[in-house]
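Secondary and tertiary structure notes
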Amino acid sequence: QQQVKQSPQSLIVQKGGISIINCAYENTAFDYFPWYQQFPGKGPALLIAIRPDVSEKKEGRFTISFNKSAKQFSLHIMDSQPGDSATYFCAASISAGNMLTFGGGTRLMVKP
Amino acid sequence: DAGITQSPRHKVTETGTPVTLRCHQTENHRYMYWYRQDPGHGLRLIHYSYGVKDTDKGEVSDGYSVSRSKTEDFLLTLESATSSQTSVYFCAISASTGGAYNEQFFGPGTRLTVL
């Protein structure tokens, strides 16, 4: 049973466009929602994270939108660049445990 | 990769043989984790450790055991490897938990193929 569902599995975006990746969760006890970026042959690295007390967090071209009532959160990449081509994972955890539950991943390709 | 090394980086083995993967950290972080990564499943937690000799099971622990005799080393053992354990294995570390949102730092991964 996958507690965090991620879509789409793959995404192709033109350079300069907006990339949007969505995640939905089931466990209402989750209270920390990070996004990880992974390049081929590398381990995942934290990109941006949000807590449920805010509806949006922005860091540079990356924005997380959070909808607590719908139990959904999404990653928006503005002005997408070829260097953003990577696999993106959403995740969730309960603060007391710190164990991450990951979504299935989205392979993003940004075409020049 | 935040002072985390994994060895070996690649391994091919045969069904039924024991395999041990090693994670070594130089950050002196308390928490260490083993995940496996498979297409469509993201990363799934196998086992984790919250201190020397303190370990617990994760989501997909069957067929795996772990040991942590020193803060810096966390070993993952497949007692009798099966083809279903073909995967990429990642080690991660974090400083602490208990109400704090501490980032998990991941190692470079080990690609294991069981024939």
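**Notes on the pairing of strand β3 (residues 19–25) of chain A**
Residues and elements named next belong to chain A. Judged by which residues are buried, β3 turns out to be one-sided: S19, I21, C23 and Y25 face inward and are buried, whereas I20, N22 and A24, on the alternate face, are not. Across 4 bridges, strand β1 (residues 4–7) lies against β3 in antiparallel orientation. Following the sheet pairing, Q6 is matched in β3 by C23. Inspection of the sheet shows β3 paired to strand β8 (residues 72–77) by 6 bridges, in the antiparallel sense. Within β8, the position partnered with I21 by the bridge is L75.

**Section: the packing of aromatic side chains**
For the structure on display, the rule yields 18 aromatic pairs over all chains. With 6.2 Å between their ring centres and 45° between their planes, Y48 of chain B and Y50 of chain B make a pair best called tilted. The class of Y48 of chain B is buried, set by a relative accessible area of 11%. Among the aromatic residues, ring-to-ring pairing joins Y36, F89 and F102 of chain A together with Y33, Y35, Y48, Y50 and F106 of chain B into one connected group.

**Notes on unusual backbone geometry**
Residues S7 of chain A and P8 of chain A are joined by a peptide bond in cis, for which omega reads -5°. In this structure, the amide linkage connecting S7 of chain B to the following residue, P8 of chain B, adopts the cis form with an omega of -10°. In this fold, P8 of chain B is placed in the loop between β1 (4–7) and β2 (10–13). Backbone geometry places N28 of chain B, a non-glycine residue, at a positive phi of 60°. The topology assignment puts N28 of chain B in the loop between β3 (19–25) and β4 (31–38). A positive phi angle, close to 65°, is found at K53 of chain B, a residue other than glycine. One can find K53 of chain B in the loop between β5 (42–51) and β6 (54–57). We classify K53 of chain B as exposed; its relative accessible area is 65%.

**Structural notes on the pairing of strand β4 (residues 33–38) of chain A**
Regular strands have side chains that alternate between both faces of the sheet. Residues and elements named next belong to chain A. The element β4 is largely enclosed, with a buried count of 6 among its 6 residues. Burial along β4 is two-sided: the residues F33, W35 and Q37 and P34, Y36 and Q38 are all buried. Looking at chain direction, β4 and strand β5 (residues 45–50) are connected through 5 bridges and run antiparallel. Residue pairing across strands places F33 opposite I50, the latter belonging to β5. In sequence, β4 turns back onto β5 through a hairpin of 6 residues, with G41 there showing a positive phi of about 80°.

Conventions and cut-offs
Residues numbered from 1 in each chain as written. Chains lettered and ligands numbered in written order. Predicted model: local features only at pLDDT ≥ 70, side-chain atom pairs only at ≥ 80, totals over all residues. Heavy atoms only, no water. Buried < 20%, exposed > 50% of the residue type's maximum accessible area, 1.4 Å probe, protein only. Helix = DSSP H or I, 4+ residues; strand = E, 2+ residues; numbered from the N terminus. Pairing = 2+ DSSP bridges. Phe/Tyr/Trp six-rings, centres within 6.5 Å; stacked < 30°, edge-to-face > 60°.

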